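# Close look at the chain arrangement
Now for the letters of each chain:
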Amino acid sequence: MSALRRWAAVVREALATAWAQPVASVVTIVMVAGMCATVLLTTGRTVGAEQAVLGSIDSEGTRSIIIRADTDAGLDATVLDRLAHIDGIQWAGAFGIAQDVTNLQFAGATKVPMRLAWSSQLNHLGITTLPPVSNASIWASPTALAGLGMPDAVGAVVDDSGVDFAVTGSLTVPDFLAFLEPLVIAPQTENTPGTVAVLIVIADRPDLVAPVSDAVRSVLAVTDPAKVTLTTSENLAALRGLVEGQLDSFGRSLVVVVFALTAVLVAAILYGLVMLRRKDFGRRRALGASQALIISLLLTQTGALALVGATIGSIAASIGLTASGDPLPGWDFVGAVALLSTTIGVIAALVPALAAARRDPLKELRVP
Amino acid sequence: MVDTIRLAARDITFGYVPTAPILSDWSADFHAGEVVAITGPSGRGKSTLLYVLGLMLKPTAGQVQIDGTDAAHRRDADRAGLRAHQYGFVFQDAALDATRTVLDNIIETTLYRGTPRKPAIRRAHELMDQFGVALRAGAKPGQVSGGQAQRIALCRALLNDPQILLADEPTGNLDPASSDLVVDAVHAQAHRGAAVIVVTHDPALVARCDRRLEL
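Definitions and cut-offs
Residues numbered from 1 in each chain as written. Chains lettered and ligands numbered in written order. Predicted model: local features only at pLDDT ≥ 70, side-chain atom pairs only at ≥ 80, totals over all residues. Heavy atoms only, no water. Pairing = 2+ DSSP bridges. Helix = DSSP H or I, 4+ residues; strand = E, 2+ residues; numbered from the N terminus. Axes fitted to C-alpha atoms, helices over the stretch in contact; angles between N-to-C directions. Contact = heavy atoms within 4.5 Å. Buried < 20%, exposed > 50% of the residue type's maximum accessible area, 1.4 Å probe, protein only. Polar contact = N/O pair within 3.5 Å; in protein donor to acceptor, adjacent residues only side chain to side chain. Patch = residues over 30% accessible without salt bridge, like charges linked within 9 Å, V, L, I, M, F, W, Y side chains within 5 Å. Areas by Shrake-Rupley, 256 points an atom, 1.4 Å probe, with all protein chains shown as cover. Salt bridge = Lys/Arg side-chain N within 4 Å of Asp/Glu carboxyl O. Buried area = accessible area lost by both parts, 1.4 Å probe.

## Quick word on the sheet that holds strand 8 (residues 195–199) of chain B
Residue and element names in this part refer to chain B.
- Strands sit in the order 6-7-8-3-9 across an open sheet of five strands; the sheet is parallel. Every interior strand has two partners, whereas the edge strands, strand 6 (87–90) and strand 9 (211–214), have only one. Along the sheet, successive strands turn relative to each other by an average axial angle of 15°, direction set aside.
- As judged from the four bridges shared by strand 6 and strand 7 (residues 164–168), these two strands associate in the parallel manner. Among the inter-strand pairings, Gly88 is bridged to a residue of strand 7, identified as Leu165.
- Strands in contact with helix 2 (residues 76–86) are strand 6 and strand 7; relative to strand 6, the strand with the most contacts, it is inclined by about 80°.
- Running at roughly 130° to strand 3 (residues 35–39), helix 7 (residues 176–191) makes contact with strand 3, strand 7 and strand 8 of the sheet.

The following block contains the structure:
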């Protein structure tokens, strides 16, 4: 019999044994589900809170680099081509000089600033297709649309020189562009030249802000560097790192303590369950099962039951956290806890499995 | 066939407490095609001898030879393999898994031998027909009588056509009809070339054995 078929036979026997012993199987499932749910409802809540805190800090722009250039500084849209060669950049966009526009239908209506915009990732702002005539169409944020009196994003605006633009859609303004609100942009293709007044670069990670800033500064290619200011969030990134480190350390300690306590409990109960089945293992040994096979059977059976328990525990804890309004720790964390719970269940079964494999078959088979 | 020594005990000494051996320098040959009864008063070590011969206990001295080669002092995995492939066991109380069906119990040893299930299931049905328990294939051991349980244990022992069949009080709790069925079965296995060793107090069974060894 090939190794694969032999392994399949062990799995089938382990599952059949688990099915044939519903009480022990349910107890194992409940224990592992409880361990998983306990971890998620305690440390998971902490991790969720940590992610919420970091999310709040991130929303303030920990990864943003903002370059402001005077009109005569010489910064133009070709800078985006050069930025494309720098690693560690998640998003980059350039914005032209603001010029006031107003609703074409109402003379003397509220003015809002409009800017030409360049970026290869305008889809982040909700713009999926560029207009065929770049200087005839604009997108506006909900704030800007309210100011223009166009809540449905339908209409036209006119600038001070009398050029009019069709309002094509509503913008989704990410946090890092909030300082440009009310935002109205006329998207430009990347090969359309134009003067850039504001260049925004978002680094992949907070710790990359400093090196990416240096790299960005080196490719600005401006005629007068004195007319360019670069603002970063380095201090905020450092604070974020500090908060993340402290919360991570606390969360890790909590995970270790909770897992250790529940693992000991799981191991003790599994040991008891195995001891209840010692006659079963004695019979198997007498009939020719090797110690390795007994261990494989028990670990496979426990692993399968632990997987079911971890899945149930994860789902139950996620529902509980959602119902109580607590932040979810993220599916990667939930998955990791479920995997760790399953692994701990299997490891906890190792000692009883060894004990089962080494049982003297005669002790169990002899009839007094 | 009876000239072939299938199993041999050579100067076996064994004791659960080393200072008080139950078996001391005990030797015997068991031939292919022969049914041997081991008898004696309770506490003399009959079952212990059976388990030493069945490679479940290691003798403190001496050898258990299968076809001329010592098997008692081989490593655990090898002895388990020999039990799975060469031996058939009938225990005193049948020793069936109460949580599994009769059929599952009979084919249990296929897993330990690493042999395919389908032929084993076919063979198990043949044996169940032969021993009159075919209708109980899907039942749990708790739902069958003591006699049926012992016949099911016999089906399990015979599934792999063992060269050595060991039975501990196989007719202990059986009615005469069931006893005859079991005795016929062990003789049939002996005729197929197996060495059959039976520990028993049953005079009727002893009378039908080819040889008797008293402990």
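## A closer look at the sheet that holds strand 4 (residues 61–66) of chain B
All names here are of chain B.
- An order of 2-1-4-5 is seen for the four strands of this open sheet, with the pairing classed as antiparallel. Only two strands of the sheet have a single partner each, and these edge strands are strand 2 (23–31) and strand 5 (69–70).
- Both strand 1 (residues 5–14) and strand 2 contribute to a ladder of six bridges, which runs antiparallel. Looking at the pairing, Ala9 lines up with Ala28 of strand 2.

## Side note on the side chain of A:Asn103
All names here are of chain A.
- Counting through the fold element by element, Asn103 comes out in strand 3 (residues 99–103).
- For Asn103, a relative accessible area of 4% puts it in the buried group.
- A polar contact of 2.9 Å, which involves the side chain of Asn103, links it to the backbone nitrogen of Gln105.
- A distance of 2.9 Å separates a polar side-chain atom of Asn103 from the backbone oxygen of Leu148.

## Comments concerning a nonpolar patch on the surface
Residue and element names in this part refer to chain A.
- A cluster of nonpolar side chains, namely Val23, Val27, Leu265 and Ile269, defines an oily patch on the protein surface of about 330 Å² accessible area.
- Within the residue set of the nonpolar patch, elements represented by two or more residues are helix 2 (22–59) and helix 6 (234–276).
- Tracing the backbone through its elements, the reader meets Val27 in helix 2.
- Judged by its relative accessible area of 30%, Val27 falls in the partly exposed class.

## Observations concerning the interface of chain B and chain A
- The interface is formed by 29 residues belonging to chain B together with 30 residues belonging to chain A.
- Three residues stand out in chain B for area buried against chain A, namely B:Arg100, B:Leu111 and B:Tyr112, and they jointly supply 26% of the buried area on that side.
- Our count for the contact surface shared by chain B and chain A stands at five salt bridges.
- A salt bridge links B:Asp97 to A:Arg283; the shortest N-O distance between them is 3.7 Å.
- Remark: the boundary between chain B and chain A carries seven residue pairs in polar contact (both at pLDDT 80 or more).

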